[in-house]
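# A look at the structure
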Amino acid sequence: MTNLVILTGSGISAESGVPTFRADDGLWLGHRVEDVATPEAFARDPALVQDFYNRRRRQLAEAHPNAAHRALADLAARWPGDFLLVTQNVDDLHDRAHAETPPAPGFELLHMHGELLKAHCTATGRVTDCPGDLGPDEVSPHHPRGRLRPHIVWFGEMPHHLDRIERALAACDLFVSIGTSGVVWPAAGFVELANHAGARTVELNLEPSLGSRLFDETHHGPATEVVPGFVERLLA
């Protein structure tokens, strides 16, 4: 077993204090999705949208990689084959964990829903680092008529790197889903692509996801417990 694809969702970062977007009442940190997570919202009220993500960047400064992030970083450093880590999370906790424990050459990390600490130009799409706040009319350095917006995949937009992810799933021997609800597409369909490729599929989640029955193997509990345990068994 050499080719590994792992998908992570908000459940892996929750124990680091990173709030999930969608609460039980359907609001995203007190806001309707339509008001802060669509291109139309940004066009209508850029000040509100920028403030929403500015506050999330400040919250991220207080969060740190947990035992689950570090276990995956250790796995990336020791895995003998190709290892693609795909995250739905826009935080940088995986990045920080892998900076602490450098991965082996076959490792790649992809943020399919964008990155909170980056922005992109509305005119050119070019991406730039964004560690601080953005104003409602933040001028892009890449184009005179462009503005900088959060580098986040909003509702109605296409996730990043789908071609690369689908190629990896078609060639993988093991697919692991960690901390995902199984309701957000297209990520919810990754397990079926992996099953079609003949891969072994494993779910690690706090509780059974909507698609839990599609996996060959499931382990449920807090990510900081089930992920290090799974990694230890896998490497053994």
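Treat the numbers as computed from the prediction; the structure is a model and nothing was measured.

## Points about the environment of Ala 63
Relative to the assigned elements, Ala 63 resides in the loop between α3 (46-60) and α4 (67-78). The spatial distance from the C-alpha of Ala 63 to the C-alpha of Ser 16 is 5.6 Å, given a sequence separation of 47 residues. With residues near it in sequence (within four places) discarded, Ala 63 still touches Ser 16, Val 18, Leu 93 and Arg 96.

## Focus on the packing of aromatic side chains
Applying the stated criterion across every chain yields a total of five aromatic pairs. Consider the rings of Tyr 53 and Trp 154, whose centres lie 6.2 Å apart with planes at 40°: the pair is tilted. Taken together, the residues span a long stretch of sequence, with Tyr 53 in helix α3 and Trp 154 in the loop between β6 (148-152) and α6 (162-171) at a distance of 101 residues. You'll find Tyr 53 and Trp 154 in the same group, each marked buried.

## Examining the nonpolar core
Generally speaking, soluble globular proteins have nonpolar side chains that are buried together. Formed by 23 residues in total, the largest nonpolar core has its most connected members in Ile 6, Leu 72, Phe 83, Val 176 and Val 227. Elements represented by at least two residues in this core include exactly β1 (4-8), α4, β2 (83-87), β3 (107-111), β7 (174-178), β8 (200-205) and α8 (223-235). Leu 162, Ala 168, Phe 175 and Ala 194 belong to the second-largest nonpolar core, a separate cluster that totals 18 residues.

## Some points on the side chain of His 111
Residue placement: His 111 occurs in strand β3. For His 111, a relative accessible area of 5% translates into the label buried. In terms of polar contacts, His 111 uses its side chain to reach the side chain of Asp 95, at 2.9 Å. Those residues within four positions of His 111 in sequence are excluded, and the remaining contacts are Thr 87, Asn 89, Asp 91, Asp 95, His 160 and His 161.

## Description of the sheet that holds β7
Within a beta sheet, neighbouring strands are joined by backbone hydrogen bonds and run either parallel or antiparallel to one another. Across the sheet, which stays open at both edges, the six strands sit in the order β3-β2-β1-β7-β8-β9 with parallel pairing between neighbours. The sheet is open, and its two edges are formed by β3 and β9 (217-220), each paired on a single side. On average, each strand axis in the sheet is inclined to that of its neighbour by 15°, with strand direction left out of account. The pairing of β8 with β9 spans four bridges and is parallel. Bridging from a neighbouring strand, Glu 203 pairs with Thr 218 of β9. Against the sheet, helix α5 (residues 93-100) engages β1, β2 and β3, with an angle of about 160° to β3.

## Topic: empty space enclosed by the protein
Overall, the coordinates contain one cavity of 30 Å³ or more when judged by the stated rule. In this structure, the largest cavity encloses a volume near 70 Å³. Lining the largest cavity, in full, are Gly 17, Val 18, Pro 19, Arg 56, Gln 59, Leu 60, Ala 63, Val 90, Asp 91 and Leu 116. Here the element with the most residues in the lining of the largest cavity is α3; it accounts for three residues. Classifying every residue of the lining of the largest cavity gives six nonpolar, two polar and two charged.

## Some remarks on the packing of α4 against α5
Packing of α4 against α5 leaves a shortest axis separation of 9 Å and a crossing angle of 50°. On the basis of the axis angle, α4 is oblique to α5. The handedness of the crossing between α4 and α5 comes out as right-handed. Mapping the contact onto sequence places His 69, Arg 70, Leu 72, Ala 73 and Ala 76 in α4 and Leu 93, His 94, Ala 97, His 98 and Glu 100 in α5. In terms of residue class, the contact of α4 with α5 is built from five nonpolar, three polar and two charged.

## Here's the deal with α4
Between its first and last C-alpha, α4 extends 16 Å over twelve residues, near the 16 Å set by a 1.5 Å rise per residue. Taken as a whole, α4 has its buried residues at Ala 68, His 69, Ala 71, Leu 72, Ala 73, Leu 75 and Ala 76. For α4, the side-chain oxygen to backbone nitrogen distance between the N-cap and Ala 68 is 2.8 Å, and the N-cap itself is Asn 66.

## Considering the sheet that holds strand β4 (residues 114-121)
Reading across from one edge, β5-β4-β6 is the order of the three strands in this open sheet, with antiparallel pairing throughout. The sheet terminates laterally at β5 (127-129) and β6, the two strands that pair on one side only. Here the strands of the sheet are splayed against their neighbours by 45° on average, with no regard to which way each runs. Bridge count between β4 and β5: three bridges; the pairing is antiparallel. Within β5, the position partnered with Lys 118 by the bridge is Asp 129.

Conventions we followed
Residues numbered from 1 in each chain as written. Predicted model: local features only at pLDDT ≥ 70, side-chain atom pairs only at ≥ 80, totals over all residues. Heavy atoms only, no water. Helix = DSSP H or I, 4+ residues; strand = E, 2+ residues; numbered from the N terminus. Contact = heavy atoms within 4.5 Å. Phe/Tyr/Trp six-rings, centres within 6.5 Å; stacked < 30°, edge-to-face > 60°. Buried < 20%, exposed > 50% of the residue type's maximum accessible area, 1.4 Å probe, protein only. Core = buried A, V, L, I, M, F, W, Y, C linked by side-chain atoms within 4.5 Å. Polar contact = N/O pair within 3.5 Å; in protein donor to acceptor, adjacent residues only side chain to side chain. Pairing = 2+ DSSP bridges. Axes fitted to C-alpha atoms, helices over the stretch in contact; angles between N-to-C directions. 1 Å grid on protein atoms, 1.4 Å probe; cavity = no way out; pocket = protein on both sides within 12 Å on 5 of 7 lines; lining within 4 Å. Points joined across faces, edges and corners; volume = space filled by probe spheres on them. Nonpolar A, V, L, I, M, F, W, Y, C, P; charged D, E, K, R; others polar. Parallel < 35°, antiparallel > 145°, perpendicular 65-115°, else oblique. Left-handed = near helix turned anticlockwise from the far one by under 90°. Expected span 1.5 Å × (residues − 1).

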